[in-house]
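# Reading the structure
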Amino acid sequence: MSTYSQEIDKRRTFAIISHPDAGKTTLTEKLLLFGGAIHVAGAVKSNKIRKTATSDWMEIERQRGISVATSVMGFQYKDYKINILDTPGHEDFAEDTFRTLTAVDSVIIVVDSAKGVEKQTRRLMEVCRMRHTPVIVFVNKLDREGRDAFELLDEIEEELQLSVRPMTWPIGMGERFKGVYDLFASELNLFKIDKQHVAEDIKKIESIDSKVLDESVGAVLAERLRADVELVDGVYPDFDRERYLRGELAPVFFGSALNNFGIRELLDCFVRIAPSPQPLHAQEREVHPHEEPFTGFVFKIHANMDPNHRSCIAFVKVCSGRFERNKYYRHIRLDKQFRFSSPTAFMAQKKEIVDDAYAGDIVGLPDTGNFKIGDTLTEGELLHFKGLPSFSPELFQYIENADPMKQKQLVKGVEQLMGEGVAQLFVNQFNGRRIIGTVGQLQFEVIKYRLLHEYGAECRWEPIHLYKACWIESDDKAVLDNFKRRKAQYMAKDIEGRDVFLADSGYVLQMAQQDFPEIKFHFTSEF
């Protein structure tokens, strides 16, 4: 087998998703700690330790203690190269997360042991199901009082429509939390509080009936554990990797990310069972990761990663072959050749220039405005990767310039932030005013904050009452022109110059659909 194929088989690219506050960023950081990529973990919320979480690096994220942009990190663990994409949990940024899921081969879902499965987790799981993405569940915060483990598993099965198989089992919880029992390796991992370093006390026991168990956790908890394990083996199916890879069965781990606990078992099992890079569907054909020629697509663009340099970075997922620095590649949409002298790989904020990257890796390319989300790069073949949707926004406001001296900065800032896919810009064809559409209220704050802090431009929001933005098209040009004339004050163009109908109520939209059956109304920009 060529070293080339071995490199690709060593890759594990996955996203961590959850509801806000379930401990996703903390888990990401602890995985880096185990991978030796960082040596001391920073407590995210604590003011005593001013070093915030490694993966949250935008100023507004530090203030809020939430992640608002997907960050990408890579590290080595044993013989594997692991790429983590930490996604925003806040539902206002769901679109960023949906797009990130197109660039990963598997997913870890974090569930808070006290709150169980929450709404946002359910929505993200729908996207995983649609794409048949394999899922591992990590039940977090066992060092606090939470719900019964069996009750949680029932809820995960029901809410996420998945079969589950516990891989580890908790011994007590909250004040009485003693550790976890590894059901496969028959190992007892005893809990010690150490938030900043990897501390473990692992005891290999012959069987669950061993006296060592009673001595380690006390007779009452030992008996409870024996009864639980018997029930687990009776109720849940055996772990079947094929079913896991099809996205039908999810292995479940228990632990406490804040205290580095239960993470090692998760990582060891993950590298063993998780898929290496998978084939991806382009419009023209299926692209296999082991193909020699390089192909890749842009799934995210981030403006101002370094506030001192007004630069954007386009994140490219390598789909096949090997990406090489300074080699010419074809940009399909522009039909131009580009070469990249400083492609970067990320360890959270620290980025380093890389000479090559293999299928499964994520590469950052400096972008001066040549890329849009969904762009494809190849060694010459005409390919278009599909499945990077923009959803119809639900909230709208007019954006106005609050400082006439800074008009140029505002225009540039809005253009770059929209290019990132943070929100969508529509220009009303009737009065020329610019309207920003978002999925959540928080995005308006983020845009205002970033325009001021990154571009020195001040904006002001003005309310506008709209119900939905929908993209319209028709095979009959006369019908389309008639519609645009009749609905002139509701017509806008998006950033690509496509026609968008801005309906101000559900009734208006319904009537338009009835009156113009020859027109197709689309609620995502992919059609």
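Counting restarts for each chain: residues are numbered from 1 in the order of the written sequence. The predicted nature of this model means local features are confined to residues of pLDDT at least 70 and side-chain atom pairs, given and counted, to a pLDDT of 80 or more, with totals for whole chains, interfaces and linings taken over all residues. Where side-chain values are given, they derive from all heavy atoms of the structure, hydrogens and water being excluded.

## Comments concerning the side chain of Thr 378
Numbered from the N terminus, helices here are DSSP runs of H or I no shorter than four residues, and strands are runs of E no shorter than two. Note on placement: Thr 378 falls in strand β23 (residues 376-378). Of the polar contacts made by the side chain of Thr 378, one reaches the backbone oxygen of Glu 381; its length is 2.8 Å. The contacts of Thr 378, once residues within four sequence positions are left out, are Phe 294, Thr 295, Tyr 329, Arg 330, Ile 332 and Leu 383. Here a polar contact is recorded for every N or O atom pair within 3.5 Å, except that within protein the pair must consist of a potential hydrogen donor and a potential acceptor, and residues adjacent in sequence are included only if both atoms are side-chain atoms. Should any heavy atoms of two residues lie within 4.5 Å, those residues are considered in contact.

## Comments concerning the pattern of salt bridges
Here a salt bridge means any side-chain nitrogen of Lys or Arg lying within 4 Å of a carboxyl oxygen belonging to Asp or Glu. By the definition in use, this model includes 35 salt bridges. Put simply, Arg 243 and Glu 248 hold a salt bridge, and the shortest N to O gap is 3.6 Å. Relative accessible area decides the class of each residue, using a 1.4 Å probe on protein chains only: under 20% of the type maximum gives buried, over 50% gives exposed, and in between gives partly exposed. The exposure class of Arg 243 is partly exposed, given its relative accessible area of 23%. Owing to a relative accessible area of 33%, Glu 248 belongs among the partly exposed residues under this scheme. Its salt-bridge partner being Arg 322, residue Asp 356 comes within 3.2 Å of it at the nearest N-O pair. Here Arg 322 lies in strand β16 (residues 322-324) and Asp 356 lies in strand β21 (residues 356-358), a separation of 34 residues in the sequence. Judged by relative accessible area, Arg 322 falls into the partly exposed class, the value being 30%. When salt bridges that share partners are traced, they join Glu 7, Lys 10, Arg 11, Lys 81 and Asp 361 into one network.

## As for the pairing of strand β4 (residues 106-112)
Within β4, seven of the seven residues are buried, leaving the element largely enclosed by the surrounding structure. Side chains of β4 alternate between two faces, with Ser 106, Ile 108, Val 110 and Asp 112 and Val 107, Ile 109 and Val 111 buried alike. Where the polypeptide runs from β4 across helix α5 (residues 119-130) and back to strand β5 (residues 135-140), its parallel neighbour, the crossover connection is right-handed. With its strands directed away from the observer, a crossover is right-handed exactly when the path from the first strand over the helix to the second travels clockwise.

## A few points about the packing of aromatic side chains
Pairing of aromatic side chains here covers Phe, Tyr and the six-membered ring of Trp, requires ring centres within 6.5 Å, and sorts the geometry by plane angle: under 30 degrees stacked, over 60 edge-to-face, intermediate tilted. For the structure shown, the criterion picks out 19 aromatic pairs. Ring centres 6.4 Å apart and planes at 35° place the aromatic pair Phe 323 and Phe 340 in the tilted group. With Phe 323 in strand β16 and Phe 340 in the loop between β18 (336-338) and β19 (344-347), this pair connects stretches of sequence that are 17 residues apart. Classification of Phe 323 by relative accessible area gives buried; the value is 2%.

## Some points on the side chain of His 522
Tracing the sequence through the fold places His 522 in strand β31 (residues 520-522). A residue is classified by how much of its surface remains accessible, and His 522, at 17% relative accessible area, is buried.

## Describing unusual backbone geometry
A positive phi angle, near 55°, is found at Lys 78, a position not held by glycine. Take Lys 78: it is sitting in the loop between β2 (71-77) and β3 (80-86). In this model, Lys 141 sits at a positive phi of 70°, which is unusual for a non-glycine residue. Among the structural elements, Lys 141 can be located in the loop between β5 and α6 (149-160). Judged by relative accessible area, which is 14%, Lys 141 ranks as buried.

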